[in-house]
Amino acid sequence: MAKSIISIDMGGTKVLGCIVNSKEGIVSRVKVPTDQNSSGAEYIDALATVVNEVIDESGHDEKKIVAVCLGVAGSVNPSTGVIALAPNLGLKDFNMKEALQKKIEVPILIENDVNLAALGIKNFEVGKKAKNMLAVFVGTGIGGGLIINKKIYRGSSFTAGEIGHVLVNKNGPVCGCGKRGCFEAIASRTAVVDQIINDIKSGKKSSLASYVKSGEKIKSKILSAAVNDGDKVAMKRVAKSCEVIGGVLAGLTNFMNFDMIVIGGGMIEQLKEFMLPKIEMAFNEHVLKAAAKDLEIATSELGGNAAIWGGISLAEEFLDVKV
Ligand SMILES: [Zn+2]
């Protein structure tokens, strides 16, 4: 095995750890379940377990591991390792890097998971030739990562790219952030599903009615099946979300003059053929011609692995190591 890093995706319900390098890709992976109510110390234990297990599992020499890169959903300062806020993990002002470094010898790096995904797409997939790129992920929420002059743009206090909380309609539904009418409260899969549930409850006929009755969660795959089967309620709501997504991306392109927008996330992966043309149509309607002159809209196939790949770029940026 070539020199590698361990790249970790830390979610509320599981920790995924992979050994990865740019030559061989992902060579080993281990998943450990976590409890969303875990304390900082419990997360640290889970992370240390993942690091040890993924090394054991691969059977590779641990001396080949030059860094551990951790992706977290929240605002993270990668220089200090402090997580200012990670609502899904229940963590606030927690120096995860310092705490984990006490248990693991190799250098630890930490970054926002969407930034890592943007870096992965930029450096190892469709974004290779992009200079100014926006990566957007539509799923449970809507996340964004910004690449400016080929580098990740983190903002003044590490919250740049929070596209999901751009205001779309001040009279819209309340968002997870507590404000009203945010982009993700209107156009994410969660929002679309809520709208469909309301439609069904108000008497509209839909093949998804059985899920509403049983209370089973409508995930992207189920939503996609309903759209592909021609379910009118589902089609209408997803199409509406595409209009909003296209409009917001056009506005941001007018503002930033990107050369590439990469769209990904669970909802897009499942509904690409239906959604992409509609997003592009709304985009073209709202974008200034000059702002989109050199723009390419692409989709990513990396899915959940994008952030894993992005760890390689983080190690290069902060430790000056190439793996
Ligand atoms: Zn919000």
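Only a predicted model underlies this, so the values are computations on that prediction, with no experimental measurement involved.

Caption draft 1: Focus on the overall build of the protein. A count of helical and extended segments in the protein gives 10 helices and 13 strands. The C-alpha atoms of the protein give a radius of gyration of 20 Å, which matches the 20 Å a tight globule of 323 residues would have. Dimensions along the principal axes, computed over C-alpha positions, put the protein at roughly 60 × 50 × 35 Å. Counting all 323 residues of the protein, 47% fall into the buried class. A separation of at least 24 residues holds for 63% of the contacts in the protein among residues at least 6 apart in sequence.

Caption draft 2: Region of the structure containing the domain arrangement of the protein. According to the domain assignment, the protein consists of domain 1 (4-119 + 304-319) and domain 2 (130-299). Domain 1 puts 9 residues into the contact, and the matching count from domain 2 is 11 residues. Looking at the side of domain 1 that touches domain 2, the elements with two or more residues in it are β5 (75-77) and α3 (113-124). In terms of residue count, the dominant contributor to the side of domain 1 that touches domain 2 is α3 (5 residues).

Caption draft 3: Representation of the sheet that holds strand β11 (residues 151-152) within the structure. Pairing in this open sheet of 5 strands is mixed, and the strands run β11-β10-β9-β12-β13 from one edge to the other. A single partner strand is all that each edge strand has here, and the edge strands are β11 and β13 (296-299). Sheet topology note: the strand β9 (residues 133-138)/strand β10 (residues 142-148) ladder contains 6 bridges and is antiparallel. The residue of β10 that forms the bridge with L134 is L146. Sheet contacts for α3: β9, β10, β11 and β12 (260-264); angle to β10, the most-contacted strand, approximately 55°.

Caption draft 4: Just helix α5 (residues 189-201), in detail. The end-to-end C-alpha distance of α5 is 18 Å, a good match for the 18 Å that 13 residues give at a rise of 1.5 Å each. All buried positions along α5 are accounted for by R189, A191, V192, V193, Q195, I196 and D199. Buried residues along α5 sit against β9, α4 (183-187), α7 (220-228), α8 (232-256) and α9 (266-286). A positive phi of about 105° marks G203, the residue just after α5.

Caption draft 5: A look at the sheet that holds strand β7 (residues 91-95). What the 3 strands build is an open sheet, ordered β5-β6-β7; its pairing is antiparallel. Here the strands that pair on one side only, and so sit at the sheet edges, are β5 and β7. Sheet twist, expressed as the average angle between the axes of neighbouring strands with direction ignored, equals 5°. Direction of pairing for strand β6 (residues 82-86) relative to β7: antiparallel, over a ladder of 4 bridges. Bridge pairing links I83 to F94 in β7.

Caption draft 6: Seen up close, unusual backbone geometry. Backbone geometry places D93, a non-glycine residue, at a positive phi of 45°. The exposure class of D93 is exposed, given the 8 C-beta atoms found within 10 Å. The phi dihedral of N149 falls on the positive side, at around 50°, and the residue is not glycine. Within the secondary structure, N149 sits in the loop between β10 and β11.

Caption draft 7: Seen up close, the environment of S22. Residue placement: S22 occurs in the loop between β2 (14-21) and β3 (25-33). Among the residues examined, S22 registers 17 C-beta atoms within 10 Å and is labelled partly exposed. C-alpha of S22 to C-alpha of K322: the two residues are 300 residues apart in sequence and 8.4 Å apart in space.

Caption draft 8: View of the nonpolar core. Within the largest apolar cluster, 100 residues are counted, with the highest numbers of intra-cluster contacts made by I5, I8, L70 and V136. Among the elements that take part in this core, α8 stands out by supplying 10 residues, more than any other. Counting only domains with at least three residues in this core, you end up with domain 1 (4-119 + 304-319) and domain 2 (130-299). Residues within four places of I5 in sequence aside, it is in contact with V20, I65, V66, A67, V68, C69, G311, I312, A315 and V323.

Caption draft 9: Summary view of the environment of G144. Relative to the helices and strands, G144 resides in strand β10. For the pair G144 and G164, spaced 20 residues apart in the sequence, the C-alpha separation amounts to 7.3 Å. For G144, the residues in contact, after removing those within four places along its chain, are V114, L134, A135, V136, G161, E162 and I163.

Caption draft 10: How the structure looks around the packing of α3 against helix α10 (residues 305-319). Viewed as axis vectors pointing N to C, α3 and α10 meet at an angle of 80°, and their least axial separation amounts to 6 Å. When the interaxial angle is binned, α3 and α10 end up roughly perpendicular. Each of D113, L116, A117, L119, G120, I121, N123 and F124 in α3 lies in contact with α10, whose residues at this interface are A306, A307, I308, W309, G310, G311, S313 and L314. Its residues assigned to classes, the contact of α3 with α10 comprises 10 nonpolar, 5 polar and 1 charged.

Caption draft 11: Up close: α3. End to end, α3 covers 16 Å across 12 residues, agreeing with the expected 16 Å (1.5 Å per residue, within 8%). The buried fraction of α3 amounts to 11 of the 12 residues, a majority that puts the element mostly inside the structure. All buried positions along α3 are accounted for by D113, V114, N115, L116, A117, A118, L119, G120, I121, K122 and F124.

Calculation rules
- Residues numbered from 1 in each chain as written.
- Predicted model: local features only at pLDDT ≥ 70, side-chain atom pairs only at ≥ 80, totals over all residues.
- Helix = DSSP H or I, 4+ residues; strand = E, 2+ residues; numbered from the N terminus.
- Rg over C-alpha atoms; globule rule 2.2 N^0.38 Å.
- Buried ≥ 20, exposed ≤ 12 C-beta atoms within 10 Å, placed from the backbone.
- Contact = placed C-beta atoms within 7 Å.
- Domains from an automatic or database assignment.
- Pairing = 2+ DSSP bridges.
- Axes fitted to C-alpha atoms, helices over the stretch in contact; angles between N-to-C directions.
- Expected span 1.5 Å × (residues − 1).
- Core = buried A, V, L, I, M, F, W, Y, C linked by C-beta atoms within 7 Å.
- Parallel < 35°, antiparallel > 145°, perpendicular 65-115°, else oblique.
- Nonpolar A, V, L, I, M, F, W, Y, C, P; charged D, E, K, R; others polar.

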